[in-house]
Amino acid sequence: MTRSYSNEAVRQMIECALRIDAFFKDKPDMEEFKKTSLALKFYARINLITDNYKGLREYRKTYPESDEIIPYINLNAFSKKGKIRFLAVKYKMAWLFIILFKIKKILSNS
């Protein structure tokens, strides 16, 4: 287990979500998998939100349609830090998570 994902790991998650979505789009029963596809996209992109605003900008551009799944996501799907990040995203306060993450990094380096 890891405490966080590297940028490369997040990029791979996003690429996997893209490939899985493309796979489902070719199927006649694609609508049955819509929520699954949206969830995969959302879970991949939320990891872009860390301690910098560049990641937030990228988050906003990557799979924005996956915000549609937010009301269906159970908070227990996340770690403690993940819950805070998810709630910040859900309530349009991801910028606050970034600030808190920056403060935590500064304090743990002290």
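Predicted model, so just to flag it, every value in this text is computed and none were measured.

Cut-off values and rules
Residues numbered from 1 in each chain as written. Predicted model: local features only at pLDDT ≥ 70, side-chain atom pairs only at ≥ 80, totals over all residues. Heavy atoms only, no water. Axes fitted to C-alpha atoms, helices over the stretch in contact; angles between N-to-C directions. Helix = DSSP H or I, 4+ residues; strand = E, 2+ residues; numbered from the N terminus. Parallel < 35°, antiparallel > 145°, perpendicular 65-115°, else oblique. Left-handed = near helix turned anticlockwise from the far one by under 90°. Contact = heavy atoms within 4.5 Å. Nonpolar A, V, L, I, M, F, W, Y, C, P; charged D, E, K, R; others polar. Phe/Tyr/Trp six-rings, centres within 6.5 Å; stacked < 30°, edge-to-face > 60°. Buried < 20%, exposed > 50% of the residue type's maximum accessible area, 1.4 Å probe, protein only. Lys NZ or Arg CZ within 6 Å of the ring centre and 35° of its normal. Polar contact = N/O pair within 3.5 Å; in protein donor to acceptor, adjacent residues only side chain to side chain.

## Brief notes about the packing of helix α1 (residues 7–25) against helix α2 (residues 34–45)
Relative orientation of the contacting elements α1 and α2 amounts to 170°, with a least axis distance of 8 Å. For the element pair α1 / α2, the angle class is roughly antiparallel. Crossing geometry of α1 relative to α2 is assigned as left-handed. Touching V10, M13, I14, A17, I20, D21 and F24 of α1 are S37, L40, K41, A44 and R45, all from α2. Looking at the contact of α1 with α2 residue by residue, the classes come out as eight nonpolar, one polar and three charged.

## A few points about the packing of aromatic side chains
Considering all chains together, one arrives at seven aromatic pairs under this definition. Look at F24 and F33: their rings are 4.5 Å apart centre to centre, the planes differ by 5°, and that puts the pair in the stacked class. Assessed through its relative accessible area of 14%, F24 is described here as buried. Overall, F33 belongs to the partly exposed group, its relative accessible area being 27%. Note on Y43 and F78: the rings are 5.7 Å apart at their centroids and 55° apart in plane angle, and the pair reads as tilted. Placement of the pair is Y43 in helix α2 and F78 in the loop between α3 (53–61) and α4 (80–90), with a sequence separation of 35 residues. With a relative accessible area of 14%, F78 lands in the buried category. The structure contains a cluster of three or more aromatic residues connected by ring pairs, namely F42, Y43, F78 and F86. The cationic tip of K35 hangs over the ring face of Y72; the distance from NZ or CZ to the ring centre is 3.9 Å.

## So, unusual backbone geometry
For Y63, which is not a glycine, the phi torsion comes out positive at approximately 50°. Within the secondary structure, Y63 is located in the loop between α3 and α4. When its relative accessible area of 12% is taken as the criterion, Y63 is described as buried. Despite not being glycine, K92 has its phi angle at roughly 60°, a positive value. Mapping K92 onto the fold places it in the loop between α4 and α5 (94–109).

## Concerning the side chain of D51
Summarising the element assignment, D51 is placed in the loop between α2 and α3. Of the polar contacts made by the side chain of D51, one reaches the side chain of K105; its length is 2.6 Å. With residues up to four places along the chain from it excluded, the contact list for D51 reads I98, F101, K102 and K105.

That's the geometry; what it means functionally is another story.
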